[in-house]
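The primary structure of each chain is shown beneath.
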Amino acid sequence: MRRLLPGPVLCAALLTAGPALADHCPWDTLVALPGQLNDGGTAVAYKTNPARIEVGKPFSIEVVACIDDEKHMAPSRIRVDAGMPMHGHGMNYQPSERKIGPGHSSFDGMVFHMPGHWQIMFDVYEGDKRQRLNQKISVKR
Amino acid sequence: MKLSRTACAALLAGAAIVLTGAATAPTTFDDDETALIVSHGPWPVKTDADPSNRVSGKPAAIAYGKTLFESNDLSVDRQRSCATCHQADLAFADGIMRGIGLTRVDRNTPALFNMRLNRWFGRDGKSDSLWAQSIAPILDARELGMTPTTLKTRLATTQTLSDGYRQIFGAAPAAHEAETVMVNVAKSLAAFQETIVSGKSSFDMFRDGLAAEDPAGIAGYPEAARRGLKLFVGKGRCDLCHFGANFTNGEFHDIGLPHFPEPGRVDKGRYGGIQQLRKSRFNLLGPFNDDKLRATAGFTRHVRLTPKNWGEFRVPSLRNAARTAPYMHDGSKATLEDVVDHYSEIPEDRPHQDGEKLLRPLNLTDAEKADLVAFLKTL
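Since the structure is predicted, the reported quantities are computational estimates derived from the model, not experimental observations.

**Q** Which residues make up the overall build of chain B, and what values do they have?
**A** Within chain B one finds 15 helices and two strands. Rg of the C-alpha trace for chain B: 23 Å, near the compact-globule value of 21 Å for 379 residues, within the 12% margin. Judged by the C-alpha coordinates and their principal axes, chain B covers about 70 × 50 × 40 Å. Across the 379 residues in chain B, those meeting the buried criterion constitute 54%. Long-range contacts, defined as pairs at least 24 residues apart, comprise 69% of the intrachain contacts of chain B with a sequence gap of at least 6. Surface accessibility of chain B: about 16,400 Å² in total, with carbon and sulfur atoms responsible for 57%. For chain B, the distance from the average site of its 47 positive side-chain charges to the average site of its 45 negative ones is 5 Å.

**Q** Quick one: what's the story with the packing of aromatic side chains, residue by residue and with numbers?
**A** All names here are of chain B. Scanning all chains against the criterion turns up 16 aromatic pairs over all chains. Residues Phe282 and Phe288 carry aromatic rings whose centres are separated by 5.4 Å and whose planes lie at 35 degrees to one another, so their mutual orientation is tilted. Among the aromatic residues, those joined into a ring-pair cluster are Phe69, Phe92, Phe113 and Phe192. One residue, Arg119, lies across the ring of Phe299, its end atom 4.0 Å from the ring centre. A cation sits over an aromatic face here: Arg270 above Trp120, 4.5 Å from the ring centre.

**Q** Talk me through the sheet that holds strand β1 (residues 35-39) of chain A; I want residue IDs and the actual numbers.
**A** All names here are of chain A. Taken together, five strands build an open sheet; the order of strands is β1-β2-β3-β7-β6 and the sheet is antiparallel. Two strands lie at the open edges of the sheet, namely β1 and β6 (96-101), each paired on one side alone. Between one strand axis and the next, the sheet turns by 25 degrees as a mean value, whatever way the strands run. Relative to strand β2 (residues 42-49), β1 is paired through five bridges, and the arrangement is antiparallel.

**Q** If you had to explain the environment of Ser344 of chain B to someone new, which residues and values would you point to?
**A** Residue and element names in this part refer to chain B. Secondary-structure assignment places Ser344 in helix α14 (residues 336-344). Ser344 gets classed as buried once you look at its relative accessible area, which sits at 0%. It is 8.2 Å that separates the C-alpha atoms of Ser344 and Arg360, two residues lying 16 residues apart in sequence. Those residues within four positions of Ser344 in sequence are excluded, and the remaining contacts are Pro361, Leu362, Asn363, Leu364 and Lys369.

**Q** I'd like a rundown of the packing of helix α6 (residues 148-156) of chain B against helix α8 (residues 178-193) of chain B, residues and numbers included.
**A** Residue and element names in this part refer to chain B. Put simply, α6 and α8 touch, their axes get as near as 8 Å, and they point 75 degrees apart. The angle between α6 and α8 places the two elements in the roughly perpendicular class. When α6 is examined against α8, the residues Pro148, Thr149, Leu151, Lys152 and Leu155 are found in contact with a partner set consisting of Ala178, Glu179, Val181, Met182 and Val185. Split into classes, the residues belonging to the contact of α6 with α8 amount to seven nonpolar, one polar and two charged.

**Q** Provide a residue-level description of the confidence of the model for chain A, including the pertinent values.
**A** All names here are of chain A. Per-residue confidence for chain A gives a mean pLDDT of 88; residues scoring 70 or more make up 85%. The model gives residues 1-5 a pLDDT under 50, and that stretch makes one contact with residues more than four places away or in other chains. Low pLDDT, under 50, characterises residues 9-20; the predicted model gives this stretch one contact beyond four residues in sequence or across chains.

**Q** Can you tell me about the environment of Arg301 of chain B, naming the residues and giving the values?
**A** Residues and elements named next belong to chain B. By secondary structure assignment, the location of Arg301 is in helix α13 (residues 298-302). Considering only alpha carbons, one finds Arg301 and Asn283, 18 residues apart in sequence, at a separation of 10.0 Å. Leave out the neighbours within four places in its chain, and Arg301 touches Leu285 and Arg294.

**Q** Give me the interface of chain A and chain B: which residues, what numbers.
**A** Counting residues at the interface gives 22 residues for chain A, matched by 20 residues for chain B. For the pairing of chain A and chain B, the buried interface totals around 1,900 Å² over both sides, and the portion due to carbon and sulfur atoms is 52%. Broken down residue by residue, the surface that chain A buries against chain B is led by Asn92, Tyr93 and Arg141 of chain A, which jointly contribute 37%. The interface formed by chain A and chain B contains two salt bridges. Between Asp81 of chain A and Arg304 of chain B there is a salt bridge whose closest N-O contact spans 2.7 Å. For the interface between chain A and chain B, the tally reads 14 residue pairs in polar contact (both at pLDDT 80 or more).

**Q** Account for the sheet that holds strand β5 (residues 89-90) of chain A, with residues named and values stated.
**A** Reading across from one edge, β5-β4-β8-β9 (chain A) is the order of the four strands in this open sheet, with antiparallel pairing throughout. The open sheet has two edge strands, β5 and β9 (129-139) of chain A, and neither has a second partner.

**Q** Describe the nonpolar core, listing the residues and the values that go with them.
**A** Residue and element names in this part refer to chain B. Judged by nonpolar contacts, the single largest core of 41 residues is most densely connected at Leu74, Trp131 and Val185. Where this core is concerned, the elements lending two or more residues are α3 (59-69), α5 (130-139), α6, α7 (159-169) and α8. Ranked by residue count, the leading element in this core is α8, at nine residues. Beyond its immediate stretch of four places on either side in the chain, Trp131 contacts Asp50, Ser52, Asn53, Val183, Ala186, Lys187, Ala190, Phe282, Leu284, Phe288 and Asn289. Counting residues in each nonpolar core, the second largest holds 33 residues, with Leu36, Ile37, Leu318 and Leu364 among its members.

Thresholds applied
Residues numbered from 1 in each chain as written. Chains lettered and ligands numbered in written order. Predicted model: local features only at pLDDT ≥ 70, side-chain atom pairs only at ≥ 80, totals over all residues. Heavy atoms only, no water. Helix = DSSP H or I, 4+ residues; strand = E, 2+ residues; numbered from the N terminus. Rg over C-alpha atoms; globule rule 2.2 N^0.38 Å. Buried < 20%, exposed > 50% of the residue type's maximum accessible area, 1.4 Å probe, protein only. Contact = heavy atoms within 4.5 Å. Areas by Shrake-Rupley, 256 points an atom, 1.4 Å probe, with all protein chains shown as cover. Lys, Arg positive; Asp, Glu negative; His and termini not counted. Charge placed at Lys NZ, Arg CZ, Asp CG, Glu CD. Phe/Tyr/Trp six-rings, centres within 6.5 Å; stacked < 30°, edge-to-face > 60°. Lys NZ or Arg CZ within 6 Å of the ring centre and 35° of its normal. Pairing = 2+ DSSP bridges. Axes fitted to C-alpha atoms, helices over the stretch in contact; angles between N-to-C directions. Parallel < 35°, antiparallel > 145°, perpendicular 65-115°, else oblique. Nonpolar A, V, L, I, M, F, W, Y, C, P; charged D, E, K, R; others polar. pLDDT = per-residue confidence, 0-100. Buried area = accessible area lost by both parts, 1.4 Å probe. Salt bridge = Lys/Arg side-chain N within 4 Å of Asp/Glu carboxyl O. Polar contact = N/O pair within 3.5 Å; in protein donor to acceptor, adjacent residues only side chain to side chain. Core = buried A, V, L, I, M, F, W, Y, C linked by side-chain atoms within 4.5 Å.

Set out below in structure tokens:
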């Protein structure tokens, strides 16, 4: 009979096996979303809800990220934030994440409180390594 | 033949000359400016009842709220009411630099028009609903100085207030917990305040005329106000914060005013407001929100506290600006001319300037300042 690993050893093995067991990102979903960014093999796709961002009105943003656009691997974490670089300020609200699946999340509570040039920052993590992809968006009154 | 909006605006302006007999060339607006101007309406904005307040929009609660608003029984010394500082003939403000209840407070008393359009309440946005904000002056030791218990006793022992309460909330005040009585009083006060809506201004007539390309609609709008409006949406960039039908983004900015109500004591502004909001039992995430799904609590759930919030105050609506002097959160600007001077000459090396690059001195001429004030007076 094959011997099982002791419980603590098995747990430790599973916990440290994160990167090796990395999930695939939902590539089919990624290519279907309207917003597309790609930098150095990291691909991000997004869709805002509602589609047209209105100044002062809350919106959510669905994001799919792949850290390897060949192997379609999911990142360990996605973070989304936004700011107005020319004004030197960010959003007054902190988006909250709803995980949909590996490499696939929705962020609620986004609000662009002023008209003008905004920049959405998509931070894609592979462990501690972060890659930032930016999307410029102009919002009118 | 179809005319462009610019051509229409020029023609309309020409018509205005004929109708007003003005001798000089009138101010015209291009398509972009016209779109910006039209975005400040229509007025009034249609609003729904507040889902967080089950008596919002209910006639009986509105009438009871008015009674409470004017009742000295809501103050610990029975010498003052909400209406003492929010006087109907002073745009529901008090016309003085800083409000005076049982003692003087740190901030200017805000006017109460069009409150249903607000997202945040109070100069620092410490409340996320009008009813929660209505609790604040009742409990503030500098304003009405009550406690939930004294308020409950006062209602229970004052026949008219007790009867009104029972009619709306289905039981006498004595049958409810003190905190519940206080929240119900606040919700009635909010129901009344929601009905204080300002009427159409001369700007609104002009804006509607421009939107409808109607010469008669724009004819009566003063030329100085037109020049001021052009500055407002152009060189002044005022409408980056004062946009929409209510002329505000409803958010918070540091505009370079002092943070100290008196030497050695700081007014934290929005930073303190968010801290108070988060620890309040009366915020929209708490047990007194009548919107059980908490759909109304999204802004409260996501609001972010950062060091830049220090010294920020809520961007006020500019409607009725001519009636709401003095100005700013601390009432430090006596006139609209003083306000325009502030933005025209705001120092670039002021504290915290690095956190908000938006405000730069406008360097307006005296004529431009006068035009901007003329425009503000039409709101």
